[in-house]
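Commentary on secondary and tertiary structure
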Amino acid sequence: MLQAVRLFCRQTSPSIFRRLRHVESSPSLGRDSTVSSVYNFPALSKSPLGLPSVKYAIPDANRYETNVTKLDNGLRIASEKLFGDFCTVGVIISAGPRYEGKYISGVSHFLEKLAFMSTKKYENREQVIDSLHQVNAICDCQTARDVIIYALSCRTSGLERVIELLSETIFRPKLLPEEIEGAQAAVFNEIDDLKNRRYDPTPLLTDMIHAAGYGKKSLGLPKYTPEENITRIDASILRSYMKEFYQPERMVLAGVGIDHQQLVDLGKKYFSVPKNDKKNVDEQTSADNKAVWIGGTLMEERDLSHLSFGADPLPEIAHIGLGFEAPSHKDEQEFVAACVLSQLLGGGGSFSAGGPGKGLYSRFYMNVLNRNEEIKTAISYNQAYTDSGCLYFHFGGYPSYLRNMTDVAIREIGYLVSYLPESVELERAKTQLQSMLFMNLEQRPVVFEDVARQVLFVDKRQQADYYFNRIRRIQAEDIHQVARKIFSTPLALVGIGKGLNQMRSYAQISETIQRQLSPKTRWRIFG
């Protein structure tokens with residue numbers, strides 16, 4: 001090694017060492033230092049020679065404006081610009097389980113599984129996949145209680161192909177016998193997974209709360225196909241449902257990252273189906289499908305011990321849910337206040353990384369999980385629809401602690417209806433909700449769904465900063481007022497697991513919650 005260094009020194013020009021000494025003696029080695037003179041690199045603080053001047057983006061209030069066009073057949077087309085070579089486009093339909101009153105429950109669930117199968121143009125699923133691969137596209141179909149969403153993401157150059165595929169899937173599916181059998185198997189496996197292999201029963205509990213709260217109609221109809229209906233649903237039932245609800249006046253063709261005029265032209269080309277004159281275009285729900293909250297109870301005594309397995313199994317848990325009617329999203333002031341209320345309650349699970357707490361100072365973390373080690377889950381949810389809403393709590397804990405678990409939930413309700421929230425916790429909940437709003441809207445598919453839903457229900461889209469300001473204006477009095485209104489509605493009480501018969505009766509729990517609203521008997525818990 002030493003011989004190599006000596007040889008290098010003898011063969012190196014003295015000028016190199018003079019330049020290196022000059023660099024070492026320079027006071028600064030920043031972007032404007034003499035390093036550029038040594039290595040002949042341009043300084044990064046100066047514009048390169050021979051290139052045009054850099055034009056920086058300027059904030060524009062109309063940069064993300066959502067454009068909406070309504071075609072003669074009632075189809076609404078909405079788009080929003082977004083930077084990038086990829087786009088998300090799809091169709092949202094005012095359909096779903098809440099409209100299955102005169103059909104067999106589970107039709108929407110089957111349509112979700114049958115999306116993007118064979119159509120009049122595409123002979124089989126393989127041709128659909130090949131077509132998607134050619135434009136780097138992916139497809140998905142999701143069913144909610146009040147909508148069905150077909151969506152694709154692809155390169156902007158493949159926009160026409162995916163819109164044609166959307167049209168084929170929605171208006172011209174074949175619904176072959178083998179595809180129906182495949183959907184039956186997929187539905188059965190999903191339900192079996194939810195009931196027998198999934199430790200978290202939140203989807204089933206949500207279904208049960210809606211069934212108990214709204215009864216066996218409208219929003220109370222199940223999202224997941226009842227097992228006895230799996231073999232009863234056939235192509236004729238599916239076609240009848242699609243013929244009634246897959247109408248252009250009940251749809252929005254939405255796109256993000258797409259030129260609006262291009263989307264309108266393609267919408268006219270592939271979605272020019274005739275309007276259904278028998279329907280009132282402006283009606284989102286008929287009298288038969290209007291949501292009416294009635295409250296009630298629904299219990300499923302079930303052994304969940306098989307979900308706890310392994311060398312260090314998780315404990316067997318029993319789950320309960322307490323639901324109340326909340327404002328619809330059309331009651332904007334109360335809806336935003338209910339969202340802040342749910343965020344203030346927050347919650348989570350004791351088995352998440354780091355245990356309960358982790359700096360999340362919501363009430364369910366501070367007052368429930370941190371003080372009751374027998375309770376392993378305490379979460380607040382808020383779901384809103386066009387004509388109603390549902391705020392509900394999911395509590396999970398040891399079966400032997402069910403009686404105390406309901407007492408803890410009632411005490412939290414008592415705090416909400418008795419006192420104004422403190423300014424610190426209110427500001428924290430508002431800030432967290434604002435943060436979640438913007439964080440979610442960083443994802444293109446989420447922006448697409450937000451555009452589609454808002455245009456479907458109110459014919460326009462409010463930008464995120466609009467709701468940011470609405471959240472900021474919420475005061476403690478708004479939270480207190482909406483809490484008293486929500487918890488004065490009839491209780492929906494549900495449960496899954498062992499030992500449910502050891503709980504207090506529905507009447508006793510409901511009456512105790514109502515007593516919390518009275519100043520004279522506010523803190524007389526069970527007697």
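About the cut-offs
Residues numbered from 1 in each chain as written. Predicted model: local features only at pLDDT ≥ 70, side-chain atom pairs only at ≥ 80, totals over all residues. Heavy atoms only, no water. Helix = DSSP H or I, 4+ residues; strand = E, 2+ residues; numbered from the N terminus. Buried < 20%, exposed > 50% of the residue type's maximum accessible area, 1.4 Å probe, protein only. Contact = heavy atoms within 4.5 Å. Areas by Shrake-Rupley, 256 points an atom, 1.4 Å probe, with all protein chains shown as cover. Axes fitted to C-alpha atoms, helices over the stretch in contact; angles between N-to-C directions. Parallel < 35°, antiparallel > 145°, perpendicular 65-115°, else oblique. Nonpolar A, V, L, I, M, F, W, Y, C, P; charged D, E, K, R; others polar. pLDDT = per-residue confidence, 0-100. Pairing = 2+ DSSP bridges. Core = buried A, V, L, I, M, F, W, Y, C linked by side-chain atoms within 4.5 Å. Arc of directions from axis to C-beta. Disulfide = S-S within 2.5 Å. Salt bridge = Lys/Arg side-chain N within 4 Å of Asp/Glu carboxyl O. Phe/Tyr/Trp six-rings, centres within 6.5 Å; stacked < 30°, edge-to-face > 60°. Lys NZ or Arg CZ within 6 Å of the ring centre and 35° of its normal. Expected span 1.5 Å × (residues − 1).

Let's shift gears to the overall build of the protein. Counting secondary structure elements, the protein contains 18 helices and 12 strands. Out of the 527 residues in the protein, the part that is buried amounts to 50%. Considering only residue pairs separated by 6 or more positions, the protein has 78% of its internal contacts joining residues 24 or more positions apart. Of the roughly 26,500 Å² of accessible surface on the protein, 52% is carried by carbon and sulfur atoms.

This part is about the packing of helix α11 (residues 332-345) against helix α17 (residues 476-487). Packing of α11 against α17 leaves a shortest axis separation of 9 Å and a crossing angle of 95°. Regarding the angle of α11 to α17, the classification is roughly perpendicular. Facing α11, whose interface residues are Q333, E334, A337, A338, V340 and L341, α17 presents D478, I479, V482, A483, K485 and I486. Grouping the constituent residues of the contact of α11 with α17 by class yields eight nonpolar, one polar and three charged.

Here we come to the confidence of the model for the protein. Atomic detail in the predicted coordinates should be set aside for any region of low pLDDT. The predicted model of the protein averages 86 in pLDDT, with 84% of residues at 70 or higher. The model gives residues 16-37 a pLDDT under 50, and that stretch makes 19 contacts with residues more than four places away or in other chains.

Taken in spatial order, the six strands make up an open sheet running β1-β2-β6-β3-β5-β4, and their pairing is mixed. Of all strands in the sheet, those with a lone pairing partner are β1 (67-70) and β4 (138-143), marking the two edges. Direction aside, neighbouring strands of the sheet carry axes that sit 15° apart on average. As judged from the five bridges shared by strand β2 (residues 76-80) and strand β6 (residues 251-256), these two strands associate in the parallel manner.

Further remarks concern the nonpolar core. By size, the foremost hydrophobic cluster in this structure holds 54 residues, and its most contacted members are Y150 and Y246. Examining the composition of this core, we find that six residues originate from one element, helix α6 (residues 159-171), more than from any other. Ranked by size, the runner-up nonpolar core spans 49 residues in total, among them A326, L345, V368 and I410.

What follows covers helix α18 (residues 506-516). I509, S510, T512, I513 and Q516 are the residues of α18 that are buried. Down the axis of α18, the buried side of the element spans an arc of 160°, and every buried residue falls inside it.

So, about the state of the cysteines. One way to say it: the disulfide is the covalent bond shared by the sulfur atoms of two cysteines. For the structure on display, the rule yields zero disulfides. Of the cysteine sulfurs around C87, a residue in no disulfide, the closest is that of C154, at 3.9 Å. In this structure C154 comes out as buried when scored by relative accessible area, which is 0%.

Another point: the pattern of salt bridges. Under the criterion given, the structure shown has 22 salt bridges. For E168, the salt bridge goes to R172, with nearest N and O atoms at 3.0 Å. Judged by relative accessible area, R172 falls into the partly exposed class, the value being 30%. With a shortest N-O distance of 3.2 Å, E427 and K430 are connected by a salt bridge. Of the two residues, E427 and K430 are both situated in helix α14 (residues 423-440); the distance of three residues between them amounts to about one turn of the helix.

Right, let's talk about the packing of aromatic side chains for a bit. What the rule picks out here adds up to 16 aromatic pairs. Each ring, one from Y103 and one from Y241, has its centre 5.2 Å from the other, and the planes form 80°; the classification is edge-to-face. Taken together, the positions of Y103 in the loop between β3 (86-93) and α4 (107-113) and Y241 in helix α9 (residues 235-245) put the pair 138 residues apart, joining distant regions of the chain. The exposure classification of Y103 matches that of Y241, with both residues buried. Pairwise contacts between aromatic rings join F324, F364, F393, F395 and F487 into one cluster. Here R98 stacks its cationic end above the ring of Y99, 5.7 Å away from the centre of that ring. In this structure, R250 is placed above the aromatic ring of Y99, and the distance from its NZ or CZ to the ring centre is 5.0 Å.

Right, let's get into the pairing of strand β8 (residues 318-325). In terms of residue burial, β8 counts as a mostly covered element, since seven of its eight residues are buried. Direction of pairing for β8 relative to strand β12 (residues 492-497): antiparallel, over a ladder of five bridges. Bridge pairing in β12 places L322 opposite L493.

Now for helix α7 (residues 177-196). For an α-helix, the turn length of 3.6 residues means that residues three or four places apart are oriented alike. When the terminal C-alpha atoms of α7 are compared, their 28 Å separation across 20 residues agrees well with the 28 Å that a helix rising 1.5 Å per residue should span. Along α7, the residues classified as buried are E179, I180, A183, Q184, V187, I191 and L194. What you see down the axis of α7 is that its buried residues fit within an arc of 145°, all on one side. Exposed residues pointing more than 90 degrees away from the buried face of α7 are listed as E178 and E181. Check the buried side of α7 and you find it contacts α4, α8 (202-214) and α9.

On to the pairing of β6. In terms of burial, β6 is a largely internal element, six of the six residues being buried. Pairing between β3 and β6: six bridges, direction antiparallel. Looking across to β6, one finds that T88 is bridged to V256.

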